[in-house]
Amino acid sequence: RVQLSGDVPSTWSGLMPAWLAPDELSVIWQGQVLQRDEAWHLALVQVADQTVWVRDDGLKLGQSVRCRMLARDVSLSTQPPAPSSIQNHLQATVHAVVSGSHPSQCRVTLAVGDAGLLLHAWVSARAVHQLGIGVGQPLWAHIKLVALVS
C-alpha cells in the first residue's frame, strides 16, 4: 500500500526513519551544480538559498543532483566556524530535540535557510546540555560529508 508519494527529498524525510537504522538517519536535498573547482575535484551545489560542496566526478554546470547528508556526519556549534577540515557550514535554527534510543544520544532536527530545509544531527545528550540546545535556537551546522545519490 502506498504511504507517501512525491519527489524523493520530500518523501525520504517521511519514510526513512521507519526503515533505516538510527545511524543511517539522513536527509536528501535536491540542488543544482553552481560551480566546479577542477583543481580540488569539488562542485558547489545550490540548494534553495544554501550551498554545499560535493565530490565532483564530472558534473555539469546546472546539472540537477540529489545530496544526502547523514545525521552522524553533522556537528553543531554556537559560534561561527573556525578554520577546519570540514568544508560545509550552514546557519540553522533548532526545530526539535528528541531523545535517542540510548540515553546518551539526542537527535537534533534543524531548519536551514529561508526555505527551512530540514537537517538532522546525532549529538550527545551532554552536548545538548552544555550548548543549551533548545527549539528556536540559532546554531551552526558543520557537515563533514555530503554524498550524491541517484
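So, here's what we can say about the structure. In this text the structure is predicted, and so the values were computed from the model without any measurement.

**A look at the sheet that holds strand S1 (residues 26-37)**
Sheet strands pair via backbone hydrogen bonds, and the direction of the pair is either parallel or antiparallel. On the basis of which strands lie adjacent, the open sheet formed by five strands has the order S3-S2-S1-S4-S10 and antiparallel pairing. The sheet is open, and its two borders are formed by strand S3 (50-55) and strand S10 (147-149), each paired with just one other strand. Each neighbouring strand pair of the sheet contributes to a mean axis angle of 50°, computed without reference to strand direction. Note that strand S4 (residues 64-70) and S10 share three bridges and pair antiparallel.

**Observations regarding the side chain of Gln 50**
One can find Gln 50 in strand S3. At 3.4 Å, the side chain of Gln 50 and the side chain of Asp 49 are in polar contact. Those residues in contact with Gln 50 that sit more than four places away from it in its chain are Val 45, Leu 90, Val 112, Gly 113 and Leu 117.

Definitions and cut-offs
Starting from 1, residues in each chain are numbered consecutively following that chain's sequence as written. Confidence filtering applies because this is a predicted model: local features only for residues at pLDDT of at least 70, side-chain atom pairs given and counted only at 80 or more, and all residues used for totals across whole chains, interfaces and linings. No hydrogens and no water enter the side-chain calculation; it runs on all heavy atoms of the structure. A pair of strands is treated as paired once DSSP finds two or more bridges between them. A run of DSSP states H or I qualifies as a helix once it reaches four residues; a run of E qualifies as a strand once it reaches two. Both are numbered from the N-terminal end. Each axis is a line fitted through C-alpha atoms, and for a helix only the stretch in contact is used; angles between axes span 0 to 180 degrees, taken between their N-to-C directions. Polar contact criterion, stated in full: a pair of N or O atoms within 3.5 Å, where within protein one must be able to donate a hydrogen and the other to accept it, and residues adjacent in sequence count only if both atoms are side-chain atoms. Throughout, a contact is declared for two residues whenever any of their heavy atoms are within 4.5 Å.

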